[in-house]
Amino acid sequence: MTRRIVTLFAAGALGLAGAAPAWAEGELNIYNWGNYTNPELIEKFEKAYDVDVTLDGYDSNETMLAKVKEGGTGYDIVVPGDYMIKIMIEQGLLAEIKPNEMENFEHMDPKWVDVWWDPGRNYSVPWQWGTTSFTVDTEVFKGDDIHTLALLFEPPEELQGRINMLNDMNDVINAGLRYLGYERCNGNVEELKEVTELLLNAKQHWRTMDYSTIEKLTSGDVDISQNWNGAAMRARAQRPTLQYAYPKEGFTGWMDNVAVLADAPNMENAKLFVNFIMAPENAALISNFARYANGIAGSEEFMDPEMLTAPEIVMPADAPAPDFVRPCPQETVDMYNKIWTRLKQ
Amino acid sequence: MAEAQSTLVDARRAAEVRERRARWLLLAPALLTIGIFGLFPLTITLIYSFLSPGTYGGVTWEFSTDAYVQFLFERDIFDGTLEFSSTYLQIYGRSIGLAFVATVGALIIGFPTAYFIASKPPEQRNVWLFLITLPFWTNLLIRTYAVLLIIRDEGIINLGLINAGLIDRPISILYTDTAVFIGLIYSYLPFMVLPLYASLEKLDFRLVEAAYDLYATRFQVLRRIIVPAAKPGIVAGSILVFIPGLGAYITPTLLGGGKELMIGNLIALQFGSSRNWPFGSAAALILMAVVMVALLIYVRNASREGGNHG
Amino acid sequence: MADAAAPAAAAPAGRRARLRTDLRHQPGFTPMAWVCIVFLYAPIAVLIAFSFNDNRSVVRWTEFSFRWYVEAFGNEGIRNATVISFQVATVATLFSTIFATMAALATTRTRPYRGQTLAYAIVNQPLMVPEIVTAVATLALFTIIKKATGITGIGYLMLAHTVFCIPFAYMPIRARLEDMNLTLEQAAADLYAPPFQVFRRVTLPLLMPGIFAGVMLAFVVSLDDVIITLLVAGPGETTLPIYILGQIRRGITPEINAVSTLLLGLSLIFVTLFFLIGKQRKT
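Just so it is clear, the structure is predicted and the values come from calculations on it, not from any experiment.

Reading guide: rules and limits
- For every chain, the first residue of its written sequence is number 1, and the numbers climb from 1 along that sequence.
- Just so you know, chain letters begin at A and ligand numbers begin at 1, following the order they were written in.
- The predicted origin of the model limits local features to residues at a pLDDT of at least 70 and limits the giving and counting of side-chain atom pairs to 80 or more, whereas totals for whole chains, interfaces and linings rest on all residues.
- Only hydrogens and water are set aside when side-chain values are computed; all heavy atoms of the structure are taken into account.
- Numbering goes from the N terminus for both helices and strands, where a helix is a DSSP run of H or I of at least four residues and a strand is a run of E of at least two.
- Radius of gyration here uses only the C-alpha atoms, and the compact-globule reference equals 2.2 Å multiplied by the residue count raised to the power 0.38.
- Partly exposed residues are those whose accessible area sits between 20% and 50% of the maximum for their type, while under 20% is buried and over 50% is exposed, using a 1.4 Å probe and protein chains only.
- Whether two residues touch is decided by their heavy atoms; if any such pair falls within 4.5 Å, the residues are in contact.
- Surface accessibility in these figures is a Shrake-Rupley result with a 1.4 Å probe; residues are shielded only by whichever protein chains are displayed.
- Any residue with relative accessible area above 30% and no salt bridge may belong to a patch, with like charges joined within 9 Å and the nonpolar Val, Leu, Ile, Met, Phe, Trp and Tyr side chains within 5 Å.
- Take a side-chain nitrogen of Lys or Arg and a carboxyl oxygen of Asp or Glu: if they are within 4 Å of each other, that pair is a salt bridge.
- What makes a nonpolar core is a set of buried Ala, Val, Leu, Ile, Met, Phe, Trp, Tyr and Cys residues whose side-chain atoms join them at distances within 4.5 Å.
- Here's the idea: put two parts together, see how much 1.4 Å probe accessible area each one loses, and the total over both is what we call buried area.
- In protein, a polar contact means a hydrogen-donor-capable atom and an acceptor-capable atom, both N or O and within 3.5 Å, with residues adjacent in sequence counting only if both atoms are side-chain atoms; elsewhere, any N or O pair within 3.5 Å suffices.
- The nonpolar class holds Ala, Val, Leu, Ile, Met, Phe, Trp, Tyr, Cys and Pro. Asp, Glu, Lys and Arg form the charged class, and all remaining residues, Gly among them, are polar.

Attention now moves to the overall build of chain B. A tally of helices and strands in chain B yields 12 helices and four strands. Here the C-alpha atoms of chain B give a radius of gyration of 25 Å, more than 25% beyond the 19 Å that 2.2 N^0.38 yields for 310 residues. Overall, chain B is about 85 × 70 × 35 Å in size when its C-alpha atoms are taken along their principal axes. Each of the 310 residues in chain B was classed as buried or not, and the buried ones make up 55%. Taking the contacts inside chain B whose residues are at least 6 apart along the sequence as the reference set, 63% of them involve residues at least 24 apart. Here chain B displays about 13600 Å² of accessible surface, and carbon together with sulfur accounts for 64% of that area.

Below, the structure is given as structure tokens:
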């Protein structure tokens, strides 16, 4: 028995040591949001450059940051959201790969070049972008104007108790701030107090607070839900009476961006990948899978036709511009945290 | 005479030394593994809890007890004075309550089941045990969705009851505490059944036979013989259901609707969008201290009683 | 082995056996056990049903189809994640059960000794700390080791799983050992059996039900772990729960149900074989 245990130990130790990789050329390790990368895109890249790609998924910007911050993850490519790009650049976690000097940069839609999270695009290029608003069943809701946050915060009778909010501190509090007409990342205690009251009062009408919006909507557990536009499109495919709202008080815009880690083991391949996804036909591959818009001009002609007309992607002309929220200072986050905890106490 | 006695003492001492050495050798792998890869992280957590939050997560190396103060007191948003706040205590109370009820529920369902398996012929028992754990080879999330479908307003239970004419309107179970309770029992039932089985399986039925010979009733047999024999299993099972139940968060969010925080969500939130690692660490340590003290008292008592048997 | 575990059960079948089952009867226990089985398997039935759903929803039924089985087979991500999950769970179960058995032998059936309670507390420590905290701190520790030694690989993930599986394996084994009769072992020792023989021929068989329970618990605990895996896993080490977690925002598809159903089917086949072989050996 003892000998057997010793053998097992040795086997385990060997397992540790034997798996020590030689980061051979021809490898690329991508760390992206889960279920967000088109397998076809990866295959195409592998074939074109003879590179072996490993793809893993994370569930939130914060998980990714916690891991990357420690260093030595072995990943080359990450796909952080807008505010997270800014944070990671500030903390020196991203490599300055100068996408703006790459061959395919000419395809970049100019409106996504000078963004606050990476002015001039020295670190990152767009992956997908979308909006966070809400979806409502127009059969259930009797009014004519769905484009107002009042449906979430002061719902008419038919929607009371039929609402799902995202289980996300920022999305809920920001929506509340917009409804009251206050600035985001707001440190004004008076205004935050008002928001707290608004939320506490609205909570009685909310049925759930959860991320699984598609299941909630399609099963009929709720008739209105805070939602991302891509998820809204998927939900509508199964419940055609759903409609995505562009509230006049404003709504969140977000962009996930491809960036390369400062300690990337396969720097050159990573740069190849960044250039690769800026090609319109490749950007279209991403969109066709993930169901969000990309930031590459000319990708439309390679996209599924239904994506070009989907009301979740093509914004009406009179909708307000999406609001890309900057990272808030810690004092504000602390206050948000207090509001959130009190809301869910 | 004296000589003989001293050799006897020597022999006994040698045996004791041998026993002690064997004992620590047996303990070594578990203690070393957990000592290095369990206690070291715990130390890191302890250190974190006395530091200040870093910008955008992490910590800065600045001593602070804010994390602990924050647990019980709230700085008024207006004038900055500290006042007692029960917000976190309420969250802890709710989680502890739910975990406790789920533990009792699991015991009520699990005990007869474990007994049922233990009274099967020996060659069948492992198959039964396997059947108890098999559902848990599927993913928790998917399993929870399946539970959700059953207890929905339009779910199997409600449809069945309505069709049977027992109720007119569906009973709302989903997105209530009842749903969380059902979900928690469902998630942790094998953690109760298996330890119970492990201790019930060694029950000596000759004792039962003797008791019946002495005209004991079935209930007396249960209370005086079976339950005492199962006691180590009850202790182990309760621990394995209660403590993980405290930290559960997927089940409460999906089945309970996620409108209220559980300890698990609260702590995870601090390491996520709240970006307050020190508070997350402190909240975790407070939870651990409570659980640890309760556990030690529990086990000390149990082993003291156990000593009487041996 | 089983015979040694329950000497009473070695009695001849027939009338005595019937008497014994009767002795064992407790009113209401058998129905409750069946309630438990139904409770455990009703959701599984739903889960399997939805694996044949034509629609891409796990909550709304449309039509019967094998579509998701085809997709699951073609999905490299799911296949890899399943293999990794099982690799990690197997290694973690093996080591944690061995360690837990040894620790259980050392913490039960002895006169109280200095450090016993402490040892007990340490063995159970992974249970006490909320997962996210362990995850963050373990990540920090592993990164230090990685940087110092240059060793990377899936061994870290297996190690992390082994640590939190130990208490789950330890508890049922300890429950089994507590109050266990020493007579048989003493008798064997009195017959001058060497200690290791005593352990292998007497103690281990007596312990087997506890060890079996420990193995099962450690395995399912490892198989379901999310948070620690999420933070500790390196490139190419995505497990099934992590893969599924990534799907929540875009909606979970019945592909996962299909994979789960296949796994259930596979394990059922294994149990049946196991059972049949065991039976054959008996006769």
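A cluster of nonpolar side chains, namely B:L72, B:F73, B:L82, B:F84 and B:L89, defines an oily patch on the protein surface of about 440 Å² accessible area. Relative to the assigned elements, B:L89 resides in helix α3 (residues 87–118).

Right, let's get into unusual backbone geometry. One non-glycine residue, A:C185, adopts positive backbone phi at about 50°. Overall, A:C185 belongs to the partly exposed group, its relative accessible area being 24%. A positive phi is found at B:Y175, a non-glycine position, where the angle reads about 65°. Mapped onto the secondary structure, B:Y175 falls in the loop between α6 (156–163) and α7 (177–200). On the accessibility criterion, B:Y175 (11% relative accessible area) is buried.

Below, the discussion takes up the nonpolar core. In this structure, B:F111, B:F191, B:I267 and C:I252 are the most contacted members of the largest nonpolar core, which totals 197 residues. In terms of residues, this core owes the most to one element, helix α10 (residues 195–224) of chain C, which gives 16 residues. Setting aside residues up to four positions removed in sequence, C:I252 forms contacts with A:E215, B:L141, B:I142, B:Y145, C:R56, C:V58, C:I244 and C:Q247. One finds A:I30, A:I97, A:W112 and A:V125 within the second-largest nonpolar core, a separate group that totals 70 residues.

Contact residues are listed per partner, giving 41 residues for chain A and 38 residues for chain B. Summing both partners gives a buried area of about 3400 Å² for chain A against chain B, and 51% of it is carried by carbon and sulfur. If you sort the residues of chain A by the area they bury against chain B, A:R207, A:K338 and A:Q345 come out on top, with a joint share of 18%. For the pair chain A and chain B, the number of links is two salt bridges. Residue B:D153 is joined to A:R207 by a salt bridge in which the shortest nitrogen-to-oxygen separation is 3.7 Å. At the junction of chain A with chain B, the criterion picks out 14 residue pairs in polar contact (both at pLDDT 80 or more). Residue assignment for the side of chain A that touches chain B shows that the elements contributing at least two residues are α3 (61–70), α4 (82–90), α6 (169–179), α7 (189–203), β8 (206–209), α8 (213–218) and α13 (330–343) of chain A. In terms of residue count, α13(A) provides more of the side of chain A that touches chain B than any other element does, 10 residues in total. Class assignment of the residues belonging to the side of chain A that touches chain B gives a composition of 14 nonpolar, 11 polar and 16 charged.

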